[in-house]
Amino acid sequence: MDIDILLYRGALLAYLLSTLTYIFSLLIRRVSPARVATWILTGAFALHTLFFLGAWLGKGYNPFLRIHDILSFFAWVMAGVYLAFQLRTKTRVLGAFVSPVVFVLMIISSIGIGGPITVPEVLKGGLVTIHAMLSLIGEALFAVASVAGLVYLIQDGLIKRRKFSKFIKLFPSLQDLDRINHICLLWGVPLLTLGVLAGSIWARTVWGSIWQWDPKQIWTLTAWLIYAVLLHQRLAIGWKGHKTALLSVAAFVLLLATLLVEKSFFTTIHRFY
Amino acid sequence: MNLILIGMNHKTAPVEIRERLSIACTEGFNPLDEIKAIPGVGEALYLSTCNRVEILARTQEDTDAEERLKDLIFRHGNLREEDMARCLYVYRDSAAIRHLFRVAASLDSLIMGEPQILGQVKEAYRLAVDHQAAGIILNKLLHRAFRVAKRIRTETGIASHAVSVSYAAVELAKKIFGTLKGKKVLLIGAGEMSELAARHLLKHGGDRIFVANRTHERAIQMAADFQGVPVDFDHLGDSLREVDIVISSTGAAGYILTYDMIAAVLKRRKNRLLFLIDIAVPRDIDPRAGDIDNVYLYNMDNLQDIADDNMQIRKGEAEKGELIIAAEADRYIEWFNTLTVVPTIVSLKEKAAGIIRLELERSNGWLRNLREEDREGVEILANAIVNKILHDPMTCLKEESQEGSALAYVAAIRRLFRLDGPGGNE
């Protein structure tokens, strides 16, 4: 077996372990297992990083061509973003919401990892890679923003209803969650903007027009619009806390739903794999 | 092991007697020298806090040390003996060990889990060491007690839930804001509880206190106490824009902060989170304000509920603590039991070594004729035989000491081998 496949399997296993440990932490309502889980997640992320590096250096692997690789990349960015926040804020148990998402993405990804790749001519170009990478990182940041929003809503509800259960202690503070949401939007919107721009330029060179009325294009533009508006409201109007958390979650659910509809009923020029 | 613990605490002694003790405790009185002077007392520890007075001593058997220790307490309590005798408890050996562990771990405290008691036990031990009243038994026992206290603190939630109203407010603030660093607090009206809460908030990183009072002079005076800023009572809206936490406790009949006021303020402060604490009765803040997004409103009853719930949690955690204490007390007793075996084994080995030396000297006459290597061979043989013979009894002793029944074997071995010298078995 290739060393990179081994690294990939290792990462998958470690993601599973960290997810289970996080869930255990929630079940017994103690933060100490979450601490361990964070280290396991760090290990998983490291293995995953090594996998990307090894595959890229060894075989010139490009993770942006097949849905399986894209999911794996998306999961990797989510885990990385979460761990970066973990360094700055005491958000340990937030991992209990991030880690399962990452693991599920990895499971779906693992079904087809390492399979044959046929790259259509139209996708050969550095700009495509940049387009995909920036867009995916932006969207992964939105995913983390939404997870933070979800936990914010739970914590906000507990404090408002004066349910001073042990969960209140477990979850990060409202302000920390709000800050995560804020920072994710602050970075996510410009990255997705650049990603979309890169894609448009590429589309113009191959198809002659930036806009194809492609379902994926429409979807991405919707996502971009929603989060750009959210960021605008945050920065200009001063929306904070409950409302932004609610909207982040709603936006993400909406986007997931449209993505599913799009995947099931429409063909797209983005579906090359 | 002849450990005895005599004392009284907040559960057994009424407040009048505890007052007497508290006088003794503030005078810094320490009767260790007196205790040590009692015949039959080997080692002693004297613990006095405002909620308890306890003497832990290792005594010799068949002495009236216990009565004399009680007398000492009666004398210093300065009350009728019958009154005080009812308040006393006496624990022996394993019960005394467990009690000491419970005290050190704050399971026996008035507010269970409060952290001061461990420091007080440490101080009492330091005094015992200074007065040369602590020996091998108490040294080990106290160090074990400190370890038990630390284990219970980290392994159970005994100390991790706020059980006072003002600490509950601090904990809530932390759950909302994460850190209290840089957070501004507005204190409306005066009151012991609100000032205590404000002090706690400051202690945990709160940045600045603003003080509003219907009489402005009072506000200025209180602001000086907190090194804060007095603000205008009639323009509370302006202050509300700046602050993050509001503690209100005025004697006003109506609402000081209305729903509309807070809703308007929140827009002006760009929806920054606002934590309102209303400890006034009747209430100062319109309860509907708690429905506004990003506003968290708690009143006195809510905070008291949290404190009460947390006390229940602590009680539950205390049960886990008791398990740790039982296990650790057993471990200490196990150690104590080996302690009596160890000197026995040492003297047994010494006696055997002495016999070998003596017999080799006696046979020196013919041993001299042997070659160097052969003489060494004979010595090795003699040592080997003796060691083989002693090996099983010594193993048996060590094993029995684990079972706690070593004392009888120790006695038998000492008698059979005459380890206590000629006539020592009488």
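A quick note: this is a predicted structure, and the numbers were derived from the prediction, not measured.

Trainee: Would you explain the overall build of chain B in this entry?
Mentor: When its secondary structure is counted, chain B shows 16 helices and ten strands. Relative to a compact globule of 426 residues, whose C-alpha radius of gyration would be 22 Å, chain B shows 33 Å and is clearly more extended. Dimensions along the principal axes, computed over C-alpha positions, put chain B at roughly 115 × 55 × 35 Å. Buried residues in chain B amount to 38% of all 426 residues.

Trainee: What is the right way to look at the overall build of chain A in this model?
Mentor: The number of helices and strands found in chain A is nine helices and zero strands. If you list the helices and strands of chain A from N to C, you get α-α-α-α-α-α-α-α-α. Counting over 273 residues, chain A shows a buried share of 43%. Sequence separation of at least 24 residues holds for 81% of the intrachain contacts in chain A that already meet a minimum separation of 6.

Trainee: Help me out: how do you make sense of the interface of chain A and chain B in this one?
Mentor: A common way to state how big an interface is: give the accessible area lost once the parts meet. Facing the 15 residues of chain A at the interface are 16 residues of chain B. At the level of elements, helix H5 (126-160), helix H7 (174-207) and helix H9 (242-265) of chain A are the ones that each hand at least two residues to the side of chain A that touches chain B. Top contributing element to the side of chain A that touches chain B by residue count: H7 of chain A, with three residues. Here the side of chain A that touches chain B is built from residues that sort into five nonpolar, five polar and five charged.

Trainee: What am I meant to see in the domain arrangement of chain A here?
Mentor: All names here are of chain A. Here chain A is partitioned into domain 1 (1-112) and domain 2 (119-273). Contact with domain 1, which involves 23 residues of that partner, is made by 23 residues of domain 2. Of all elements in the fold, only helix H3 (67-88) and helix H4 (95-110) reach the threshold of two or more residues within the side of domain 1 that touches domain 2. Examining the composition of the side of domain 1 that touches domain 2, we find that nine residues originate from one element, H3, more than from any other. Partitioning the side of domain 1 that touches domain 2 into residue classes produces 17 nonpolar, three polar and three charged.

Trainee: Explain the environment of arginine 86 of chain B here, please?
Mentor: Residue and element names in this part refer to chain B. Locating arginine 86 in the fold gives a position in the loop between helix H4 (81-85) and strand S4 (89-92). Exposure remark for arginine 86: the 12 C-beta atoms within 10 Å place this residue in the exposed category. The spacing of arginine 86 and leucine 100 is 14 residues in sequence and 21 Å in space, taken between C-alpha atoms.

Trainee: It is not clear to me how the sheet that holds S4 of chain B should be interpreted in this structure. Could you clarify?
Mentor: By definition, the strands of a sheet pair up through backbone hydrogen bonds, in either a parallel or an antiparallel sense. Residues and elements named next belong to chain B. Within the open sheet, the four strands sit side by side as S2-S3-S1-S4. Their pairing is antiparallel. The strands lining the two open edges of the sheet, one partner per strand, are strand S2 (41-49) and S4. For this sheet, the mean inter-axis angle between neighbouring strands, taken without regard to orientation, is 15°. Pairing of strand S1 (residues 3-9) with S4, which is carried by four bridges, proceeds in the antiparallel orientation. Paired with isoleucine 6 across the two strands is valine 90, which belongs to S4.

Trainee: Explanation requested: the packing of H4 of chain A against H5 of chain A in the structure shown.
Mentor: Residue and element names in this part refer to chain A. At a closest axis distance of 9 Å, the pairing of H4 and H5 adopts a crossing angle of 140°. Relative to H5, the element H4 lies oblique. In this structure, H4 crosses over H5, and the sense of that crossing is right-handed. Each of Phe97, Val98 and Val101 in H4 lies in contact with H5, whose residues at this interface are Ala143, Val144, Val147, Leu150 and Val151. Here the contact of H4 with H5 is built from residues that sort into eight nonpolar, no polar and no charged.

Trainee: What exactly am I supposed to notice about the pairing of strand S9 (residues 274-278) of chain B here?
Mentor: Every regular strand shows the same layout, with side chains that alternate between the two sheet faces. Residues and elements named next belong to chain B. Here S9 lies mainly inside the structure; five of its five residues are buried. The two faces of S9 match: Leu274, Leu276 and Asp278 on one face and Phe275 and Ile277 on the other face are all buried. Sheet topology places S9 next to strand S10 (residues 295-299); five bridges connect them, and they run parallel. Counterpart to leucine 276 in the pairing with S10 is leucine 297.

Trainee: In this structure, what is going on with the domain arrangement of chain B? I would like to understand it.
Mentor: Each assigned domain of chain B is listed here: domain 1 (3-160), domain 2 (165-307) and domain 3 (337-416). Averaged C-alpha coordinates put domain 2 of chain B and domain 3 of chain B at centres separated by 78 Å.

Trainee: Would you mind going over the packing of helix H1 (residues 3-28) of chain A against helix H2 (residues 32-59) of chain A with me for this structure?
Mentor: What describes two packed helices is the angle between their axes and the distance between those same axes. Residue and element names in this part refer to chain A. The contact between H1 and H2 brings their axes to 8 Å, and the two run at 160°. Between H1 and H2, the angle is such that the two are roughly antiparallel. In this structure, H1 meets H2 at a crossing whose hand is left-handed. Taken together, the residues of the contact of H1 with H2 sort by class into 20 nonpolar, eight polar and one charged.

Trainee: Which parts of the structure should I look at to understand the nonpolar core?
Mentor: The tendency in soluble globular proteins is for nonpolar side chains to be buried side by side. Within the largest apolar cluster, 123 residues are counted, with the highest numbers of intra-cluster contacts made by Met78 and Val144 of chain A. In terms of residue count, the dominant contributor to this core is H5 of chain A (16 residues). Those residues in contact with valine 144 of chain A, other than ones at most four positions away along the chain, are Met78, Val81, Tyr82, Val98, Ile180 and Cys184 of chain A. By size, the runner-up hydrophobic cluster in this structure holds 49 residues, among which are Tyr46, Ala57, Ala104 and Ala318 of chain B.

The rules behind each value
- Residues numbered from 1 in each chain as written.
- Chains lettered and ligands numbered in written order.
- Predicted model: local features only at pLDDT ≥ 70, side-chain atom pairs only at ≥ 80, totals over all residues.
- Helix = DSSP H or I, 4+ residues; strand = E, 2+ residues; numbered from the N terminus.
- Rg over C-alpha atoms; globule rule 2.2 N^0.38 Å.
- Buried ≥ 20, exposed ≤ 12 C-beta atoms within 10 Å, placed from the backbone.
- Contact = placed C-beta atoms within 7 Å.
- Nonpolar A, V, L, I, M, F, W, Y, C, P; charged D, E, K, R; others polar.
- Domains from an automatic or database assignment.
- Pairing = 2+ DSSP bridges.
- Axes fitted to C-alpha atoms, helices over the stretch in contact; angles between N-to-C directions.
- Parallel < 35°, antiparallel > 145°, perpendicular 65-115°, else oblique.
- Left-handed = near helix turned anticlockwise from the far one by under 90°.
- Core = buried A, V, L, I, M, F, W, Y, C linked by C-beta atoms within 7 Å.

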